[in-house]
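Spelled out from the first residue to the last, the chains are:
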Amino acid sequence: MPDTPDDSRAEEWVSETGDVRPLLAPPVTPLGRPIRLGVLISGGGSTLANFLRCRGEGLLDAEFPLVIASRPDCGGLQIAKNAGIRAEVVSLKDFNSTDEFSERIFSLLREVQVDLVTLAGFLCLVRIPSDFANRVMNIHPGLIPSFCGKGLYGMKVHEAVLARGCKVSGCTVHFADNVYDHGPIIVQKAVPVLEGDTPQTLAARVFEAECQAYPEAIRLFANARLIVTGSCVRILEQPL
Ligand code: GRF
């Protein structure tokens, strides 16, 4: 599996100062309208619930044309339903391969014309097509590149952090590529690990940080403040 998406797009955008980047994403000018988010879930949907809370509080100017769940029993499906959001279930087991599974997911996302895909507790690997390169974000409940990768998700991350005796943990929002928890890092927030922490108390503290970090990364994307250069993201003070 390649480390980066197949990027066959020839078109590039060059700024007055000579910055060069692919034309498609992240946006080169602020969207100036609500960002259209696709949200992919596998579990309870706490990140989706946070997005909706942020929108309600005026912290996230977003529309949610589609939620995709990888299992029919995801608690997050009820959250989508309550919010009047279209939700589809796309299960890996119904497809012959990760490629076919991914094609179905991204064809649904294309149909509804999302600006950005947010992995929100989505536990399946997807193959990201070239037109979605740097248009898929993920949040990980740890400080990448520590305690991440296949099999390290949810409570397992916090258990591993405590077992190693770490003094800080946190969360990472990054652009997803075709490797678990691997693409360019956009936002990280650290939290202390406290004496007597359990995986649950640490998870709650990290989740508070997640609730700020993910909307922040989405706002930066929508406001054309992100530039991807190789494996790094630069955050601009203002759009170019
Ligand atoms: C988030 O806390 C995030 O860290 C991780 O999944 C969690 C959301 O899961 N990627 P859930 O949908 O509430 O089960």
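Given the structure is predicted, the values throughout are model-derived calculations rather than measurements.

Criteria and thresholds
- Residues numbered from 1 in each chain as written.
- Predicted model: local features only at pLDDT ≥ 70, side-chain atom pairs only at ≥ 80, totals over all residues.
- Heavy atoms only, no water.
- Near = heavy atom within 4 Å.
- Polar contact = N/O pair within 3.5 Å; in protein donor to acceptor, adjacent residues only side chain to side chain.
- Areas by Shrake-Rupley, 256 points an atom, 1.4 Å probe, with all protein chains shown as cover.
- 1 Å grid on protein atoms, 1.4 Å probe; cavity = no way out; pocket = protein on both sides within 12 Å on 5 of 7 lines; lining within 4 Å.
- Sits in = over half its atoms within 2 Å of the grid points.
- Helix = DSSP H or I, 4+ residues; strand = E, 2+ residues; numbered from the N terminus.
- Nonpolar A, V, L, I, M, F, W, Y, C, P; charged D, E, K, R; others polar.
- Axes fitted to C-alpha atoms, helices over the stretch in contact; angles between N-to-C directions.
- Parallel < 35°, antiparallel > 145°, perpendicular 65-115°, else oblique.
- Left-handed = near helix turned anticlockwise from the far one by under 90°.
- Contact = heavy atoms within 4.5 Å.
- Points joined across faces, edges and corners; volume = space filled by probe spheres on them.
- Buried < 20%, exposed > 50% of the residue type's maximum accessible area, 1.4 Å probe, protein only.
- Lys, Arg positive; Asp, Glu negative; His and termini not counted.
- Salt bridge = Lys/Arg side-chain N within 4 Å of Asp/Glu carboxyl O.
- pLDDT = per-residue confidence, 0-100.

Let us now look at the site of the ligand. If you check the shell around the ligand, you find Gly43, Gly44, Gly45, Ser46, Thr47, Ala120, Gly121, Ile139, Pro141, Phe207 and Glu210 and nothing else. In this structure, an oxygen atom belonging to the ligand sits 2.7 Å away from a main-chain N or O atom of Gly45. Glu210 places a side-chain nitrogen or oxygen 2.7 Å from an oxygen atom of the ligand. Alone, the ligand offers 370 Å² of accessible surface; in the complex the protein occludes 77% of this. According to the grid-proximity analysis, the pocket containing the ligand is the largest pocket. Elements that contribute at least two residues to the shell around the ligand include exactly helix 1 (46–56) and helix 5 (199–222). Residue classes in the shell around the ligand are distributed as four nonpolar, six polar and one charged.

The next point concerns the packing of helix 4 (residues 155–163) against helix 5. Two quantities define a packed helix pair, namely the angle between the helix axes and the distance between the axes. Between helix 4 and helix 5, the shortest axis-to-axis distance is 9 Å and the interhelical angle comes to 110 degrees. Classified by the angle between their axes, helix 4 and helix 5 sit roughly perpendicular to one another. When the axes of helix 4 and helix 5 are compared, the crossing they make is right-handed. Where helix 4 approaches helix 5, its residues Met155, His158, Glu159, Val161 and Leu162 are matched on the opposing element by Pro199, Gln200, Leu202, Ala203 and Val206. Class assignment for the residues of the contact of helix 4 with helix 5 results in seven nonpolar, two polar and one charged.

Another aspect to go through is the layout of surface pockets. Here the largest pocket is characterised by a volume of approximately 780 Å³. If you trace the largest pocket, you find 37 residues lining it, with Gly121, Phe122, Leu123, Tyr153 and Gly154 closest to the centre. A breakdown of the residues in the lining of the largest pocket according to their chemical character gives 19 nonpolar, 14 polar and four charged.

We now examine the side chain of Asp177. In this structure, Asp177 sits in the loop between strand 8 (168–175) and strand 9 (185–192). One buried charged side chain, Asp177, makes no salt bridge at all; its nearest oppositely charged neighbour is Arg127, positioned 10.0 Å away. Within the structure, Asp177 has its side chain in polar contact with the backbone nitrogen of Val179 (distance 3.0 Å).

Time to look at empty space enclosed by the protein. The tally for this structure, following the rule as stated, stands at one cavity of 30 Å³ or more. The space that makes up the largest cavity amounts to roughly 30 Å³. Those elements that place two or more of their residues in the lining of the largest cavity are helix 1 and helix 5. Classifying every residue of the lining of the largest cavity by side-chain character gives four nonpolar, two polar and one charged.

Before going further, it helps to spend a moment on the confidence of the model for the protein chain. In this model, the protein chain carries an average pLDDT of 91, and 90% of its residues clear a pLDDT of 70 or more. Of the regions scoring below 50 in pLDDT, residues 1–11 engages in 27 contacts with residues more than four places distant in sequence or in other chains.

What follows is about the environment of Ser146. Among the structural elements, Ser146 can be located in the loop between strand 7 (136–140) and helix 4. It is 9.9 Å that separates the C-alpha atoms of Ser146 and Ala160, two residues lying 14 residues apart in sequence.

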